[in-house]
Amino acid sequence: MEPLSWADILGRIFVQFTPVWIALVVVFAASIWFKRNLGLYGKLFDSTIGMIGFALVMFWVFTGIFGAMDMVVTHDALNQISVMKNKAPGTPVMGAGEDVYPYYLLGGDNLARDVFSRMVKGAWVVVQIAPLATLFAFMVGITLGLPAGFYGGRLDTLLSFLANLILAFPVILLFYLLVTPEIIATGIPNYMATCLFVFPLIFVAILLNSRYHTQPALRTPLLIGVLGVLGWLYLSLISEVGSKVQVIPGFLDLFDVPGGILVVFVSVVFVNSPTVFRIVRGLTMDIKTRDYVAAAQTRGEGPWYIMLWEILPNARGPLIVDFCLRIGYTTILLGTLGFFGLGLPPESPDWGTTINDGRRLLSIYLHPAIVPALSLLSLVLGLNLLADGLREESLKD
Amino acid sequence: MGLFILRRLWVMILTALALTYIVFFLTNLYPNLEKLAKSQGNFRMTDAQVETYLGNRGYLQSTPLKYAQWLGVAPGWVITGTDGETRARCAAPGAAAETATTFCGILQGNWGFSTVFKDGVGSIVATRLALTGKLMFWVMVLMVPSALLLGVLAGMREGTRTDRALSTVAITTTATPEYVSGVILIAVFSSSAVGLKWFKGTATSAMENATFENFFLPVLTIALYGMGYIARMTRASMAEVMTAQYIRTARLKGVSFPNIVMKHALRNALIAPFTVIMLQFPWLLNGVVIVETLFNYKGFGWTLVQAAGNNDIELLLGVSVVSVFVVLVTQLISDIGYVYLNPRISVS
Amino acid sequence: MKQVGCTPYARETQEMKDIYDGPILEIDVLSISFFTRLREIPAVMDFSVKVMPGEAVGLVGESGCGKSTVALGVMQDLGKNGRITGGTIKFKGRDLGQMSVEELRKIRGSEIAMIYQEPMASLNPAMKIGKQLMEVPMIHQGASEKEAYDRALQVVTDVKLPDPKRILDAYPHQLSGGQQQRIVIAMALMSEPALLILDEPTTALDVTVEASIVDLVKDLGRKYGTSMLFISHNLGLVLETCDRLCVMYSGEAVERGSIADVFDEMQHPYTQALFRSIPLPGADKNSRPLVAIPGNFPLPHERPPGCNFGPRCDYFEAGRCDQGTIRMRPVKGNDRHETRCLRFEEIDWNAPLAAAITKDKGMIGDVVLKMEDLKKYYEVSANALFGKSGETKVVKANETLSFEARESETLAIVGESGCGKSTFAKVLMGLETATAGQILLDNRNIESTPIERRDTKTIADVQMVFQNPFDTLNPSMTVGRQIIRALEIFGIGKTEADRRERMLQLLDLVKLPRAFADRMPRQLSGGQKQRVGIARAFAGDARIVVADEPVSALDVSVQAAVTDLLMEIQREKKTTLLFISHDLSIVRYLSDRVMVMYLGHVVELGTTDQVFSPPYHPYTEALLSAVPIADTRVKKKHIVLEGDIPSAMNPPPGCPFQTRCRWKSQVPGKLCETEVPPVRRMADGHQIKCHLSDAKFAEMEPVIEIAAE
Ligand SMILES: Nc1ncnc2c1ncn2[C@@H]1O[C@H](COP(=O)(O)OP(=O)(O)OP(=O)(O)O)[C@@H](O)[C@H]1O
Ligand code: SF4
Ligand code: SF4
Ligand SMILES: [Mg+2]
C-alpha cells in the first residue's frame, strides 16, 4: 500500500472525529437557540472570541470522552507494531489483519505506537484531571479566602503568610520533592489528600447550614443526606486498600485512585489553591464594603451566610473567568509533570509525557513531539480565549 | 521606609526558614534516605545495612536536630559508628573527625557537600547561578521591552484591529508553555526534518561562549511564555487607564494623542504590570528548569533537576535557599517599585 | 452682558482670540445616539440652545435625560459608540462637527473648557498639579515653562487656594475634594476660554463646600467674562448661578427661557411638577406639601409616542398629546421663552394645588430610644498601607451624644461628610460597640451588645434603610427572595407559603406591583430599589428605622414619592424614624426634631422650628445659608465658609468649628481655640454647643426670608 498524501490524512482524521463533530454541532445549535435564557453562558455566543475558545475546548472535551469510549482512536494507544517505529504520518500498517485500521494516521513514535491514538487518549487524561483539580483548588481557595478577606486581622495575616509561603516555592522543586515514588511510599500524598479533599465537604456543609439554619426541620435531613453522599465519595477517594490511609473496608470503597495519579492531583490542587485564595480574598475585601452586606449584618445574619450567599455569588464573574484560565494553567502543569517524567506512568499517553518522549529524536522525527505539543497548545489557547470572551461579555451591561 | 524593609526582611527570613524546613523534612524522609544510602553505598544493601549506614552518618537523628545542625545553630554531630570509625559532620571530606569545628552550617558559611557532584554546594550553586544569570539577563532584555511595547500598543486603542492582532499574539504565547514552544522552535529552526538549521538545538556550548546561534532559541523560549502574560496585563491596565476620566480631561484640554499616551497614560498604566513582572520570577524559574533541560544548558535549573532526581539533600537545600531568596527579593523590589511608581502611596 | 473688570492679561488674550460678537455657542436641533449591540439609544433629540457672550445658561434635568451627552457632544467626544445623528453645534459661528481633529484639539482647552463632577477622577493621579496646569498654556500659547508656571501660580491664587506654591508641587491625592475641584476649575481657566462647560461640578461635594465653589465660579465667570453652560439637577443651584435656563426631559429640551420667566411663569407641566416635588426650606409642609410626579422616567428606547412627558402629565389629553412630534413654541410676551407643550396656553398655571388631604400625624408617644453621653472612638494606625507599626491615632467619631427619640417621631440627624452620622448608626445597629455612654432601648442597655448577641426581637426592632439604592440589594437574588430571607431570619411565618404571602403584603406596603417579587434588582429603577430596601427594613415590624440618606441618591421627582412613603408607613406603624441627611430642605419638610452634628459633636439640637430660626449655632447658620433654594422669592443671607471640613483624624483643639466660624471673633479671649464649648440650654429642649454670649445669640437674624409678594 502507498503512504497517504496529506490531503488523505486530513480527510481520514476528519472522518475519525465524526462523533466529536456531531456533538459540537448539537451543543452549539442548542446553545445559540436558547442563548437569551442562559445567562452568562448564553452571552458567550455573542462574542466571536468566546465562541472560538468554547469550540476548541469542547472539541477536546468530546475527543477525550469519545476517546475513552474507544470511539475516535484507530489503534490501541499502548500497542506496539514494531515495523511502525518512527514511521511518517500516513504510513500503512504493514501486514495488518482485517480488523486493524490500515494506517498510522499521524505516524508512529519511537516505540512504534500510533501517535494519533495516543493524542486522543492523552486528551482524556487532561479532561479528567484538570477541571476536577481546579475545582478542588477553588473549593480550598474559596473556603479559606472568604474568611481571610471578611475578618481580616490575625487570621488574614496567618493565612496570607501560608499562601505566600507556597507561592514562593518554585513549583518544579515542589513537584520534584512531592511526586516521587519514595514520597508516595511514605503516604504523605494520602494525608494531604485527606486534608485538601475535605474542603468541599466543609464548603457544602456551611453553605447549606447558613442558608437553612432558621428552618431546622428542613436543614437537618438535608445536611445528613448531602453530607452522607459526599462523605462516602470522600472516603472512597482518600481511602485505598493497601495504602497508608485505609479508613473504610474495601467493599465499601467505590473507586480507587492509583497513587501516582493521586499525588499528581494533590500537588496540582496544592499549588493552585494559594492563587485562588488571593483572588477570593481580594474580591471579598472589595465586596464586603457594599451596603447589601451591611444590610445583611443589620438583620443579624451570621458571617458564613454573608460570605457564602451575599458575597460569593457576586464575585462569580471574575471567579468563572479565572476558573477557565486556571484549567489551562493546570493543563500546562500536568504537561510539565509529564515532561519531567513525574507521577504519571512512563507509558501514559498524556501529552507532557509524549512530548518528553518525542523530543529526544526531535531533530530527525518531528511528529511524535509536535502532535501532542500542538494539541496542548490548542486546548490551552481555547481556554484562554474562552476566559477572554467570558470576561468581555460579563463586563458588558 | 527603613522600618518597612526591616519588617519585610523579617518576613523573608521567616519564609525562608519555613520553606527550607519543609524541603529538609521531605528530603529526610526515610524512603528518601534509603535511596540515598543505596545510591551512595551499594544497591544490594539489606535493610539493616542501610540502617547502620545511615546511623553512622548522622542521618537518623531527629529532623529538627539535623535541621539545626544544617543551619549552624546546633553543634555538628560526631558519631563513633558501629564500624568503629568516628565521623563528624564538620570534618572536611577525608579529614579526621578530630580536626572538625563544633558548628558548621549555613551561618558559618558552610553549605555542605553535594553527593552527586562531589563538590561543595556553595561553589556549585555559585557557578550554576552565574550561568543562569546570563540566561535570565538576555531573557529580560528581550522579554520586558517587547512585552510592554506590545501591551501599550494594543491597549492604547482598545478594540481596533491592531489591538485584536496583538492580543491574539499575546494570548497564543501565554498558551504555549516552554516545553511546547521549545519543541516547536527546535523542530522548525534546527531540525534536519525542516532543514532551516538557523540555530543550534542545544545550548551546551553557550555555557562558555554564548552566541546568537546557540543562545537565541533558549532565550526566546523562556521570553515568549512570560511575554504574553505581561503584555496582556499591560494591555488591560493601559485600556483601563485610557478610559479614565483624567485621560478625557487631558484630551479635552487639547493634549495630542501621542502626548496623552506618553505623558498621562504610561506611568499610570505601568503600575500594575510592574508588580506582575516581578512576581513572574517564580514562574520564570519554572521555565528556566524546563529550558535548561530541553537545551542541555547546565545552569541552575539543570542542577535542581539533578539534585532532586538523586536526592542530593544538601545541594537541594542550597538550591531551595537560593531560589526562595530570589523570589522573596523580587517581591521586595516589586513592593518598593510600586511605591515609587504610585505617588498615592507614601512610605513615611 | 456682564463683562466687567478684565485683568490686563485677560484683555490681551481676549484680543488675540478673534473678535466675535454673535452667540458663543449655538446648538441647533441636535440629535445624538449611542449604538449598542441590541439597539440604537437616542440619548438626545431635537435639542437647541444658544449661549451668548458672558451669559450663563443652566441645563437642568433628571439623571439620564441627556445633559452630559449634550456637553460631550459640544466637546465632540462621544466615545466609540456615540454619534451625532442630526443638527449642528456651532462655536463662534463655526460648525464643530466639520472641524478636523487638529482644529478641534486647538479649540479644546483653549476656547472651550470643561469641568466634571468627579474632581479626583479628572486629575491625573501620577502627575503633579503644577505640571497638569502648566500643560495648557504650553500647548495652546506655546508658553515657556517659566511663563506657564507664573500663569499657573496666578490662577491658583485666583481660585483662592492657600499656599499656591506648595499646591503646585503636590499630587492630587494630597488635596481635599474641595481643593481638587478648585484645581480643576483653575485648569479650565488657564487659557481663559470663551466657553466653560460645567457638568455637575459640585455634586460630589459637601453643601458648605459646594456653596463656596459656586461662589467662586460666579466670581470668576464675571471676572474673565466667560460664557458658561452649567449642567445640574439642582434647580436651586441654577437659580443662584445662571441667567438663563433650559429644562430637559428624556432627551429633549422642554422649556427654555430666562431664570425669572421659567421660575415664576413656567409654561410646561414637567417644570411645574419638578418644582412641586422639591421641598423648600422656607416653606413648611402644611402650606406647601410635596407632590411626587407619578410614574417613572422612560428609558430612551421606550419613549411614548407624542409628548414624552405624556404618561406622567396631569394635563394629558388623549388624541392630542400622544400624536406626532411636538415642537418648541415661543411663549408670547416673554424674551426668548419657549416651551414644548401643546396645551400651555390652555392651562391655568396659577390654579392652586388641589388641597392635599392633610393626614394627621400619629401622636408622638413615649420615649423608645435614649442615648446618654455616647462615645465612639476608633483607633487607627497613622499609616494605612504599611500600618500596624508606628503610633496609632484615636479618631473621635462620636463625642458625647445625648438625645432621646419617641414613638412616631422623626428625628433628623444633619451634618456633612465625616461628622459621624454613619458611625452613630453603626453603634445603634450593633455593628460596632460604644466606647462609653449608654444606649437604652425600652430601658434596656444595648450599647455594648454586638449584633450577634442581640435577640431576634431587638434586631427586628431596629432596622436600617441605606443610602445607595444601587448597593442595598444583593444583585444576584430576586427581590422576593431577599425579603423572604429577612422574614426567615426574623422568624416570621411558619411555612414558606406564609412568608411568601407576607412578602407580597410588604410589596403592597411600599406600593410596588406584586409581580416585582420575581425580578432581579438590576431590572428595577433606583426609586423602586429603595422601596424594596424599605420593605425589607419593615419585614420584622421595625419600631426604630435608621434611614441613612435614603433619598439623596434618587432623582428629585422620585425623592418626593419615597419621602412620602416613609412618612406614610411611619403614620401607620408608629415608627420612630431616625433620618440621617445633609439636605436641610428635606429635613425641614419631614422631621419633628433636628440634631446638627459637626466632627462628631452635636452642635445643636431642638425642634425643627427651633433649629431653623434664630438663634442658631454658627454652623447651622452657615449650613442654612449654603442650601440652594429654588425659589426666586427667597432672600438668603450670604455666608460662605472658608476652607474645608477638617479631617476627623486631626480635629482642631477647642471648638470643632473654630477653623471656619465667622462668629469666633465675637467670643472674648481665646476661648474658642482652647476649650470645647459647653452645651447651652436655650429654650425648652433647644440646646447649642457654643461659647457665644446670650446677647450675641439674640442679635442673630434669620438666614432665610421669604420676600413679601
Ligand atoms: N456610552 C453610552 N452607551 C450607551 N448609552 C449611553 C452612553 N452614554 C449615555 N448613554 C445613555 O444616554 C442617556 C443620557 O445619558 P446622560 O449621561 O447624558 O444623562 P445625564 O442627564 O447626564 O444624567 P446624570 O444626571 O446621571 O449625569 C442615558 O439613557 C444613558 O443611559
Ligand atoms: S403636550 Fe400634553 S402631555 Fe405633553 S406636557 Fe403638554 S399637556 Fe402634558
Ligand atoms: S464656640 Fe466659638 S468657634 Fe465654636 S461655634 Fe461658637 S463662636 Fe464659633
Ligand atoms: Mg451626567
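One can find the structure itself at the top, above this paragraph.
Residues numbered from 1 in each chain as written. Chains lettered and ligands numbered in written order. Predicted model: local features only at pLDDT ≥ 70, side-chain atom pairs only at ≥ 80, totals over all residues. Heavy atoms only, no water.

J.: Would you mind going over the interface of chain A and chain C with me for this structure?
T.: Frequently, the measure chosen for interface size is the accessible area that the parts lose on association. Taken residue by residue, the interface counts 26 residues in chain A and 27 residues in chain C. Taken over both partners, the interface formed by chain A and chain C buries close to 2,100 Å², and the fraction arising from carbon and sulfur atoms is 50%. Linking chain A to chain C there are 2 salt bridges. One salt bridge connects Arg211(A) with Glu488(C), and the closest N-O pair in it is separated by 3.2 Å. Linking chain A to chain C there are 12 residue pairs in polar contact (both at pLDDT 80 or more). The class makeup of the residues in the side of chain A that touches chain C is 6 nonpolar, 9 polar and 11 charged. (Contact = heavy atoms within 4.5 Å. Buried area = accessible area lost by both parts, 1.4 Å probe. Salt bridge = Lys/Arg side-chain N within 4 Å of Asp/Glu carboxyl O. Polar contact = N/O pair within 3.5 Å; in protein donor to acceptor, adjacent residues only side chain to side chain. Nonpolar A, V, L, I, M, F, W, Y, C, P; charged D, E, K, R; others polar.)

J.: I'm lost on the nonpolar core in this one. Help?
T.: Note that soluble globular proteins tend to have their nonpolar side chains buried in a common cluster. Among the nonpolar cores identified, the biggest contains 177 residues, and Phe116(A), Phe197(A), Val269(A) and Phe340(A) are the most heavily contacted of them. For this core, the element with the most residues is helix α17 (residues 367–395) of chain A, which contributes 14 residues. Counting the residues that make up this core, at least three belong to each of domain 1 (2–108) and domain 2 (133–341) of chain B. Setting aside its immediate chain neighbours within four residues, Val269(A) contacts Ala133(A), Phe136(A), Ala137(A), Val140(A), Leu196(A) and Phe197(A). In this structure, Leu133(C), Val136(C), Ile185(C) and Met187(C) belong to the second largest nonpolar core, which totals 65 residues. (Core = buried A, V, L, I, M, F, W, Y, C linked by side-chain atoms within 4.5 Å. Buried < 20%, exposed > 50% of the residue type's maximum accessible area, 1.4 Å probe, protein only. Helix = DSSP H or I, 4+ residues; strand = E, 2+ residues; numbered from the N terminus. Domains from an automatic or database assignment.)

J.: Even after reading the chapter, I still don't get the interface of chain B and chain A, so can you show me in this structure?
T.: Facing 52 residues of chain B, the contacting portion of chain A comprises 44 residues. In this assembly, chain B packs against chain A so that about 4,000 Å² is buried in total across both faces, 78% of it on carbon and sulfur atoms. In this assembly, chain B and chain A are joined by 3 salt bridges. Taking the shortest distance from any N to any O, the salt bridge between Glu182(A) and Lys35(B) comes out at 3.9 Å. There are 4 residue pairs in polar contact (both at pLDDT 80 or more) connecting chain B and chain A.

In short, shape yes, function no, at least from these values alone.
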